[in-house]
Protein chains: 2
Amino acid sequence: MEYSLISGGVTAAEGFTASGVHCGIRKNKSKKDLALIYSDTLCNAAAVYTTNLVKSAPIRVCQKHLANGKAQAVIVNSGNANTCNADGDQKALRMCELVAEQMNIQAEDVLVGSTGVIGQPLPIEPIEEAAAALAGALSREGGTDAAEAILTTDTYKKEVAVSFQLDGKTVKLGGIAKGSGMIHPNMATMLGFITTDAAICSDMLQKAVSGVAQDSFNMVSVDGDTSTNDTLAVLASGKAGNREITEEDENYQVFYGALLLVCRELSKRLAADGEGATKLLICKVQGAKTVEDARGIAKSIICSSLVKAAMFGSDANWGRVLCAIGYSGCQVDIDKVQVEFQSQKGSVLVCENGAGVEFSEEKAKEILLEKEITIAVTLGDGEGVAEAYGCDLTYDYVKINGDYRT
Amino acid sequence: MEYSLISGGVTAAEGFTASGVHCGIRKNKSKKDLALIYSDTLCNAAAVYTTNLVKSAPIRVCQKHLANGKAQAVIVNSGNANTCNADGDQKALRMCELVAEQMNIQAEDVLVGSTGVIGQPLPIEPIEEAAAALAGALSREGGTDAAEAILTTDTYKKEVAVSFQLDGKTVKLGGIAKGSGMIHPNMATMLGFITTDAAICSDMLQKAVSGVAQDSFNMVSVDGDTSTNDTLAVLASGKAGNREITEEDENYQVFYGALLLVCRELSKRLAADGEGATKLLICKVQGAKTVEDARGIAKSIICSSLVKAAMFGSDANWGRVLCAIGYSGCQVDIDKVQVEFQSQKGSVLVCENGAGVEFSEEKAKEILLEKEITIAVTLGDGEGVAEAYGCDLTYDYVKINGDYRT
């Protein structure tokens, strides 16, 4: 199946508009802090959330509102996580009501997300005052404003969209996401919103998003901290006109492939824009005993502070990769491990049969000085394959997080 | 039972001498890189090792040599981990043989440890050439040279010793340890060596060291990376003259308490001297459902990069503590969580019933500017108590690890 990357993100699919404004939750007036995504018809919808026991108020409200598998709009603020606040649920619900009033829809059909500092009461007044302007600004072009408004310490917007054929119809699927810190999703990234005009029932949509999350957002780690607000929601308008997907047939596989492609691409951009990051790290594991082992090993390497710091220093310190494989908790025959560092400057084999091989330090340095590094691990234990996404550990990560709140 | 802190470390107990020299594994001639600990009689001995699947060659040799529960000497080099090398076992064994030749004992009664870079062949010649000088330098005072010779990026020596009464006899127990980076022990720290003149059989000694490791070294984390070389070994000479401990009686409890005290103190010093650290972080958890939950929660907090960076910035960002509790995988009623930051400047309550409480940011800053910070977490789930030890995440951690190898 062919998927074509197209421009746009959350408004690429038919029937969707979006907007993003500065309402005042953030003090910096040049930073947008409130986003709205809207479908002109009720959508089938599905979502996955953080596995953190501490869950944001918006997640609790989303879980209720998605009980019927339907949604028509998503409102999101940045600058405040609305988590660990006594009045959190009430305010998250109020955000949905504000959208319902403006768009003349049911509050139960609105999803809500928040991202920012944990444990500070969310100021609701700025959102109330901006609601009309937010609704008034809805447009196809507004997708990029929404992508901007959900960011926190991210340095750039993440928008991805694809088109593909389904059932003889052209289908579009696109999304936006934000990440940066507290990124070690265990269901989804901090916030990701996908829209599509594909026709697909809520159950199949939930199945797809749950599956895709495992191999995309759940394979990203910036700092090993699983956020309290992780949410990945997908809205499907059905406007593409394909026969509704209601079972795991060939069309479902095509749809699944598109969703995976968009989510993986967003995941890579999250990782590359991790707090303080100068490099995107991709860890590819093959030959693992099982897919679960491959995931566990890839994630263990991508999460290692020592591997991350070595990559920052462009140092081919492969012993740290072996160390992270060893403590991953996965079954590995260490004597069969092979490690290669790759970038667009080429590749260098550094470890074979679990022991070092001679290599050119000069060549290795040249490869590791690039912005996108692949750590390719080949095991001799089976057929399991996985990819994980991360970034280097830098002075700026410490700087950003040493005094984020004040 | 009363335990008195006494001066010295690994030679505080009767019958032990030690030495440390520069042999040339490290290029810097002012850095000692080879240590020897020696008992003038054969000791009962026990050890615990890393759970990392990638194990150093010295660990494999120690496991063989300790099969009979006896040891008389320990040789340790820094500057090279002797891990992931094809000829590693052979060289680790050679180190034991060198000691055996010098001291006229069996190579099987010698333990061996290495710490440093993984995956570079260990140069054995410098060790062969220094063997005679190392043996010749053995003395009571040499304990501090040994403590120095096992260090890598550590900035100071870790020596602790206590004396106590057992069976009417004065018993001494002391040790040395090294840590700094790749510290997330899952059996023991990178390297820890304890000696005692208590009489205790090998089985009881193994039981004690396995238990104590859980509540001391295994509760330390500097960077979440479990090393390939972690080893904690204890030698008991029996020279104190107490009746040999052969069962879990009252004397065993007294001995256990002394071992725990020394190992906890060494653990704190490892954490405080973590790579780049400016502060010691102690996380005390009480009221957990079980001891295992308390340990899991304390460790999750102490491991969080975001908590560590906030402490570096003296920022009372308690939301990150809640977040780390939430993803710990332990059972917690979040609505009952209480968090307090403590130091010698006082304490400040920041979270009660799982939500923020008003507090003086000024007072919090004053408390968090200290060198030793306690994060005190009180849960409402049971009686489980635990302590974990860590350090802040700083620019220097990144600097040290961005280019450690070259």
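Cut-offs applied
Residues numbered from 1 in each chain as written. Chains lettered and ligands numbered in written order. Predicted model: local features only at pLDDT ≥ 70, side-chain atom pairs only at ≥ 80, totals over all residues. Heavy atoms only, no water. Helix = DSSP H or I, 4+ residues; strand = E, 2+ residues; numbered from the N terminus. Polar contact = N/O pair within 3.5 Å; in protein donor to acceptor, adjacent residues only side chain to side chain. Contact = heavy atoms within 4.5 Å. Buried area = accessible area lost by both parts, 1.4 Å probe. Salt bridge = Lys/Arg side-chain N within 4 Å of Asp/Glu carboxyl O. Disulfide = S-S within 2.5 Å. Buried < 20%, exposed > 50% of the residue type's maximum accessible area, 1.4 Å probe, protein only. Least-squares fit on C-alpha atoms with pLDDT ≥ 70 in both. Pairing = 2+ DSSP bridges. pLDDT = per-residue confidence, 0-100. Axes fitted to C-alpha atoms, helices over the stretch in contact; angles between N-to-C directions. Left-handed = near helix turned anticlockwise from the far one by under 90°. Nonpolar A, V, L, I, M, F, W, Y, C, P; charged D, E, K, R; others polar.

Student: Would you explain the side chain of Thr 11 of chain B in this entry?
Tutor: Residue and element names in this part refer to chain B. Assignment of secondary structure puts Thr 11 in the loop between β1 (4-6) and β2 (16-21). A distance of 2.6 Å separates the side chain of Thr 11 from the backbone oxygen of Arg 140, its partner in a polar contact. Once you skip the residues sitting within four places of it in the chain, Thr 11 turns out to touch Phe 16, Thr 17, Ala 18, Ser 139, Arg 140, Gly 143 and Thr 195.

Student: I'm lost on the interface of chain A and chain B in this one. Help?
Tutor: One widely used convention gives an interface's size as the accessible area the parts lose upon coming together. Listed by partner, the interface residues are 54 residues for chain A and 54 residues for chain B. Of the roughly 4,100 Å² buried between chain A and chain B on both sides combined, carbon and sulfur atoms contribute 59%. Inspection of the region where chain A meets chain B yields zero salt bridges. Linking chain A with chain B are zero residue pairs in polar contact (both at pLDDT 80 or more). For the side of chain A that touches chain B, the elements supplying multiple residues, two or more each, are α8 (305-312), α9 (318-326), β14 (355-356), α10 (361-368) and α11 (395-402) of chain A.

Student: Even after reading the chapter, I still don't get the state of the cysteines, so can you show me in this structure?
Tutor: What we call a disulfide is simply a covalent bond connecting the sulfur atoms of a pair of cysteines. A full pass over the atoms with the stated rule returns zero disulfides over all chains. Here Cys 96 of chain B is not disulfide-linked; the sulfur of Cys 62 of chain B is the nearest cysteine sulfur, at 6.8 Å. Here Cys 96 of chain B falls in the buried class, since its relative accessible area comes to 0%. Considering cysteine sulfurs only, Cys 84 of chain A is the nearest to Cys 323 of chain B, which forms no disulfide, with 8.7 Å between them. For Cys 323 of chain B, a relative accessible area of 1% corresponds to the buried category.

Student: Looking at this model, I keep getting lost on the relation of the copies chain A and chain B. Mind explaining?
Tutor: Each of the two chain copies can be generated from the other by rotation about an axis followed by a shift along it. Mapping chain A onto chain B leaves a residual RMSD of 0.0 Å; the transformation is a rotation of 180° accompanied by 0.0 Å of translation along its axis. Overall, the copies show the geometry of a two-fold rotation axis. Identified as the residue of chain A closest to the rotation axis by C-alpha distance is Tyr 395 of chain A, at 2.5 Å. Of the interface residues in chain A, 100% have counterparts in chain B that sit at the interface too, so the contact is made through matching surfaces.

Student: What should I look at first to understand the pairing of strand β4 (residues 70-78) of chain B in this one?
Tutor: For a regular strand, side chains alternate in direction, first toward one face of the sheet and then toward the other. Residue and element names in this part refer to chain B. Within β4, eight of the nine residues are buried, which leaves the element mostly enclosed by the surrounding structure. Judged from the seven bridges that link them, strand β3 (residues 34-49) and β4 form a sheet pairing that is antiparallel. For Ala 35, the partnering residue across the bridge sits in β4 and is Val 76. The sheet contact formed by β4 and strand β5 (residues 110-115) spans six bridges and is parallel. Of the residues in β5, the one forming a bridge with Asn 77 is Ser 114.

Student: Sorry if this is basic, but what is going on with helix α1 (residues 57-65) of chain B here?
Tutor: Among all positions in α1 of chain B, only Ala 57, Pro 58, Ile 59, Val 61, Cys 62 and His 65 of chain B are buried. Taken together, the buried residues of α1 of chain B touch β3, β4, α2 (88-103), β5 and β10 (231-236) of chain B.

Student: How should the confidence of the model for chain A be read in this particular structure?
Tutor: Caution applies to low-pLDDT parts of the model: their predicted coordinates are not meant to be read in detail. Overall, the predicted model of chain A reaches an average pLDDT of 88, with 94% of residues at or above 70. Across chain A, the secondary-structure element scoring lowest on mean pLDDT is strand β9 (residues 220-221) of chain A, at 69, and the one scoring highest is helix α3 (residues 125-136) of chain A, at 98.

Student: What's the story with unusual backbone geometry in this structure? I'm lost.
Tutor: Glycine aside, negative phi is the norm for most residues, and most peptide bonds take the trans geometry. The phi dihedral of Asp 167 of chain A is positive, around 65°, even though this residue is not glycine. Counting through the fold element by element, Asp 167 of chain A comes out in the loop between β6 (158-166) and β7 (169-178). The phi torsion at Asn 82 of chain B lies on the positive side, around 45°, for a residue other than glycine. You can see Asn 82 of chain B is positioned in the loop between β4 and α2. Given the relative accessible area of 1%, Asn 82 of chain B is considered buried.

Student: I'm lost on the packing of helix α2 (residues 88-103) of chain A against α3 of chain A in this one. Help?
Tutor: Working note: a packed helix pair is described by the angle between its axes plus the distance between those axes. All names here are of chain A. Two elements in contact, α2 and α3, have axes separated by 10 Å at closest approach and are oriented at 40°. Handedness of the α2/α3 crossing: right-handed. Seen from α2, the contacting residues are Arg 94, Met 95, Leu 98, Gln 102 and Met 103; seen from α3, they are Ile 127, Glu 128, Ala 131, Ala 132 and Ala 135. Looking at side-chain class alone, the contact of α2 with α3 contains seven nonpolar, one polar and two charged residues.

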